[in-house]
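For reference, the chains in residue letters:
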Amino acid sequence: MTSTTSAPPAQQPKSRPGDRIFAGIAKGAGVLILVILAGVAVFLISESVPALTASPDEISGDGGLASYIGPLVFGTLLSAVIALLVATPLAVAIALFITFYAPRRLAAGLGYVVDLLAAIPSIVYGFWGIFWLAPRLVPFYRWLEENLGFLPFFVGPVSSTGRTMLTIGLVLAVMILPIVSAISREVFSQVPTLHTEAALALGATRWEMIKMAVIPYGKSGVIGGSMLGLGRALGETMAVAIILSGSAAGITWALISSANPQTIAANIALQFPESTGLAVNTLIASGLALFVITLLVNMLARWVVNRRADFSGAN
Amino acid sequence: MAKRIDVSDLDIYYGNFKAVEGVNLSIEPRSITALIGPSGCGKSTFLRSLNRMHEVIPGARVEGKVVIEGQDLYGSDVDPVDVRRQIGMVFQRPNPFPTMSIYDNVAAGLRLNAKKTSKSDMDDLVERSLKGANLWTEVKDRLSRPGSGLSGGQQQRLCIARAIAVQPEVLLMDEPCSALDPISTLAVEDLMMELKEQFTIVIVTHNMQQAARVSETTGFFNLNGVGQPGRLIEYNPTEKIFSNPDEKATEDYISGRFG
Ligand SMILES: Nc1ncnc2c1ncn2[C@@H]1O[C@H](COP(=O)(O)OP(=O)(O)OP(=O)(O)O)[C@@H](O)[C@H]1O
Ligand SMILES: [Mg+2]
């Protein structure tokens, strides 16, 4: 992607020193990224080998590597997907409101506040989740259990502390909201006037204009923003570690009970200080799994964005 | 279908800046009216005030009256969205929706009208509009391809097809040929001659020959100096404007003895 920018044209007229220096720096930066990425991958793989080759009963939990990492992968994906499902529509709505509906003064203030959310350290979100959000969610969870308890997500018994998978998902949603909405706002504000006016001149209302010209134009940007958010949610350590600490369970879809799967990053943070020998290798192997997941998510996003490149509006 | 437009004492503002002042004119139905004048004199601004596109720009507003067939466009109970559905617009730069196919571009306005149209009726309307815009034969085999993949002239005709698909009463065209080659320009001019059987057409152009070729009536806008509002200097039958104008300024502009 980055390292192939400076293919020299077949016949080079005159190469200016400025161009050469810039091309060199750009190429160097591109190569450096690849080297770092490769370095991380090599480290993760080489450190995981002992865990990958160990016999099942040596791994903590005695069930082998797959049954150790499996629930963690599941918990990681589940919490991140909940966060994404909650945050993306909200972030897009906020971005649309700020760009097209809010009076200009309010829009500036609101944009600033949303950006500020991104600057809050994740440990603060963790405490906010435990002490403020979780207790307030308990009555809501009771209601969910009573009315929607037939769904696997809302089976009881409801956690009395509110420190559940759904709480984590919501805290993560708040954490990734600023990233997704800032990027959405950016792409929405870049929709050419030419296209918004084309829609309005056809007799579109403001909402119809948004559906016709803005969302299709901004869609790939919003997907990109969500994937950045997903990346942050997947890798989030502290907030998850604080809220879910000590409640590791296997694979379960129950979102509001007290038995929840842990996430990879939080599990590493919690277990690492007390681990030695093979246990460390096991944790690094789970880190390798997280690395692969993140890579796959990014490739998926790229594929989604490129699928209809013809219609992207980039030409 | 076609409707007459009466404009009286129209002042048009961008915030505090008065861009156009004191316009009075009547536009006949089923005719082509050309607006000419030097750059910056307010032709586009005036044109956009006729379908309430002017107020889309923050701070922009209008004083005075625009009456279409007895209905005051700027009446307090008039919804600008309804106005724009009746009065179509083609812009200077072709602006098909890049995220839509050729077919969907033409159908876009029809879908807005929220009436349930069956697939076959929609196909007919799209075909008729594309034929109306002289584009059908060039695109009929690639209706599902993106509209932005067409040439500039084809894109402009696609925009015309999109505008006429909703059967507006009036069609406003802001320099529709300024990005086109002579052959596409002639195609668009022929098209305008056909369309005026059904629509009232108002066109802004910098091309004197074009104004002379296609229009029945011509309005000449001018401004006294930078920062001054533009005014309608003369509004007369095209023949008269180009042979024996009332105003000296018109004659100077047309004969190129301007500025
Ligand atoms: N969005 C805007 N905000 C503020 N002033 C504007 C805006 N658009 C146009 N103007 C001003 O209004 C005046 C008329 O502009 P307008 O675009 O109507 O001219 P025009 O006659 O269409 O010119 P051209 O032939 O170059 O297209 C100009 O002085 C211009 O600077
Ligand atoms: Mg103009």
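Residues numbered from 1 in each chain as written. Chains lettered and ligands numbered in written order. Predicted model: local features only at pLDDT ≥ 70, side-chain atom pairs only at ≥ 80, totals over all residues. Heavy atoms only, no water.

Looking at an unreviewed UniProt entry, chain B carries the name ABC transporter domain-containing protein, with the source organism given as Modestobacter caceresii.

Looking at an unreviewed UniProt entry, one finds chain A named Phosphate transport system permease protein and attributed to Modestobacter caceresii. Of chain A, the UniProt comment under Sequence similarities (unreviewed entry) reads exactly: "Belongs to the binding-protein-dependent transport system permease family. CysTW subfamily." (UniProt positions renumbered as here; feature names shortened; annotations may be inferred.)

Novice: Report on the overall build of chain A, specifying residues and quantitative values.
Specialist: Helices and strands together make up the secondary structure of chain A, namely 10 helices and zero strands. When the helices and strands of chain A are listed from N to C terminus, the series reads α-α-α-α-α-α-α-α-α-α. Seen along its three principal axes, the alpha-carbon backbone of chain A occupies a region of about 65 × 50 × 30 Å. In chain A, which comprises 315 residues, the proportion classed as buried is 42%. (Helix = DSSP H or I, 4+ residues; strand = E, 2+ residues; numbered from the N terminus. Buried < 20%, exposed > 50% of the residue type's maximum accessible area, 1.4 Å probe, protein only.)

Novice: Could you give an account of the environment of Tyr14(B), naming the residues involved and the relevant values?
Specialist: All names here are of chain B. Here Tyr 14 is to be found in strand 1 (residues 5–14). Sequence spacing of Tyr 14 and Gly 59 is 45 residues, and the spatial spacing of their C-alpha atoms is 6.0 Å. Not counting residues within four places of it along the chain, the set of residues in contact with Tyr 14 comprises Ala 19, Thr 45, His 54, Ile 57, Gly 59 and Ala 60. Within the local environment of Tyr 14, its side chain forms a polar contact with the side chain of Thr 45, the two groups lying 2.9 Å apart. (Contact = heavy atoms within 4.5 Å. Polar contact = N/O pair within 3.5 Å; in protein donor to acceptor, adjacent residues only side chain to side chain.)

Novice: Got a sec to walk through the packing of helix 4 (residues 122–148) of chain A against helix 5 (residues 165–189) of chain A? Specific residues and values, please.
Specialist: All names here are of chain A. Relative to each other, helix 4 and helix 5 sit at 130°, their axes nearing to 9 Å. Considered as vectors, helix 4 and helix 5 are oriented oblique to each other. Taken as a pair, helix 4 and helix 5 cross one another with a handedness that is right-handed. On helix 5, the residues that touch Ser 122, Tyr 125, Trp 128, Gly 129, Leu 133, Ala 134, Leu 137, Tyr 141 and Leu 144 of helix 4 are Leu 166, Thr 167, Leu 170, Val 171, Val 174 and Met 175. In terms of residue class, the contact of helix 4 with helix 5 is built from 12 nonpolar, three polar and no charged. (Axes fitted to C-alpha atoms, helices over the stretch in contact; angles between N-to-C directions. Parallel < 35°, antiparallel > 145°, perpendicular 65-115°, else oblique. Left-handed = near helix turned anticlockwise from the far one by under 90°. Nonpolar A, V, L, I, M, F, W, Y, C, P; charged D, E, K, R; others polar.)

Novice: An account of the side chain of Ser79(A) is needed here, citing residue identities and associated values.
Specialist: Residues and elements named next belong to chain A. Within the element layout of this structure, Ser 79 appears in helix 2 (residues 65–101). Residue classification places Ser 79 among the buried residues on the basis of a relative accessible area of 1%. Every residue in contact with Ser 79, bar those within four places of it in the chain, is listed here: Met 165, Ile 168, Gly 169, Leu 172 and Thr 263.

Novice: Break down the UniProt feature "transmembrane region" (unreviewed entry) in chain A for me, citing the residues and quoting the values.
Specialist: All names here are of chain A. The sites that carry the UniProt feature "transmembrane region" (unreviewed entry) are, in the present numbering, residues 21–45, 65–98, 110–134, 154–180, 237–256 and 276–301. With 59% helix and 0% strand, residues 154–180 has its two end C-alpha atoms placed 28 Å apart. In this annotation, residues 276–301 is assigned 92% helix and 0% strand; the end-to-end C-alpha distance for the span is 37 Å.

Novice: Before we move on, could you go through the pattern of salt bridges and cite the residues and values that matter?
Specialist: Taken as a whole and judged by the stated rule, the model has 19 salt bridges over all chains. A salt bridge links Arg185(A) to Asp115(A); the shortest N-O distance between them is 3.2 Å. Highlighted residues: Arg185(A) in helix 5 and Asp115(A) in helix 3 (residues 104–119), separated in sequence by 70 residues. Across the pair Lys240(B) and Asp246(B) runs a salt bridge, and its minimum N-O distance is 3.0 Å. When salt bridges that share partners are traced, they join Asp11(B), Lys18(B), Glu21(B) and Arg231(B) into one network. (Salt bridge = Lys/Arg side-chain N within 4 Å of Asp/Glu carboxyl O.)

Novice: Any details on the interface of chain B and chain A? Residues and values, ideally.
Specialist: On the chain A side, the residues contacting the 27 residues of chain B number 23 residues. The largest per-residue losses of area from chain B upon contact with chain A belong to Phe97(B), Thr99(B) and Leu112(B), which jointly make up 29% of the total buried on that side. Across the pair Glu197(A) and Arg48(B) runs a salt bridge, and its minimum N-O distance is 2.8 Å. At the surface where chain B touches chain A, the tally comes to four residue pairs in polar contact (both at pLDDT 80 or more). Every element with two or more residues in the side of chain B that touches chain A is listed here: helix 2 (80–86), strand 6 (87–90) and helix 3 (102–112) of chain B. Along the lines of polarity and charge, the residues of the side of chain B that touches chain A split into 15 nonpolar, six polar and six charged. (Buried area = accessible area lost by both parts, 1.4 Å probe.)

Novice: Can you lay out the site of ligand 1 for me, pointing to particular residues and giving the numbers?
Specialist: All names here are of chain B. Close contacts around ligand 1 come from 13 residues, with Ser 39, Lys 43, Ser 44, Thr 45 and His 206 the closest. One of the side-chain N or O atoms of Ser 44 is found 2.6 Å from an oxygen atom in ligand 1. At the level of secondary structure, the elements contributing two or more residues to the shell around ligand 1 comprise strand 2 (17–27) and helix 1 (43–49). At three residues, the largest contribution of residues to the shell around ligand 1 is made by helix 1. Looking at the shell around ligand 1 residue by residue, the classes come out as five nonpolar, six polar and two charged. (Near = heavy atom within 4 Å.)

Novice: Summarise the nonpolar core; cite the residues concerned and give the values.
Specialist: Residues Leu166(A) and Ile256(A) are the most contacted members of the largest nonpolar core, which totals 55 residues. Secondary structure elements with two or more residues in this core: helix 2, helix 4, helix 5, helix 7 (206–235), helix 8 (238–244), helix 9 (264–271) and helix 10 (278–307) of chain A. With 12 residues, the top contributor of residues to this core is helix 2 of chain A. Residues in contact with Leu166(A), not counting those within four places in the same chain, are Ile82(A), Tyr141(A), Leu144(A), Phe154(A), Leu255(A) and Ile256(A). In this structure, Ala198(A), Leu73(B), Met89(B) and Phe91(B) belong to the second largest nonpolar core, which totals 54 residues. (Core = buried A, V, L, I, M, F, W, Y, C linked by side-chain atoms within 4.5 Å.)

Novice: How would you explain a nonpolar patch on the surface if you had to name every residue and give the values?
Specialist: Residues and elements named next belong to chain A. On the surface, Ile 123, Val 124, Phe 127, Phe 131 and Met 238 cluster together to form a nonpolar patch covering roughly 460 Å² of accessible area. In terms of residues, the nonpolar patch owes the most to one element, helix 4, which gives four residues. Within the secondary structure, Met 238 sits in helix 8. (Patch = residues over 30% accessible without salt bridge, like charges linked within 9 Å, V, L, I, M, F, W, Y side chains within 5 Å. Areas by Shrake-Rupley, 256 points an atom, 1.4 Å probe, with all protein chains shown as cover.)

Novice: Outline the confidence of the model for chain B, listing residues and values.
Specialist: Residues and elements named next belong to chain B. With 98% of its residues at a pLDDT of 70 or more, chain B shows a mean pLDDT of 90. Considering each helix and strand of chain B separately, the mean pLDDT is smallest for helix 7 (residues 182–195), with a value of 86, and largest for strand 3 (residues 32–36), with 96. Note on the complex model: pTM 0.82, ipTM 0.90. (pLDDT = per-residue confidence, 0-100.)

Novice: Explain the environment of Val305(A) to me, using residue names and the numbers behind them.
Specialist: Residues and elements named next belong to chain A. Its place among the elements puts Val 305 in helix 10. As a C-alpha pair, Val 305 and Ile 179 span 126 residues in sequence and 18 Å in three-dimensional space. Those residues in contact with Val 305 that sit more than four places away from it in its chain are Ser 220 and Ile 223.

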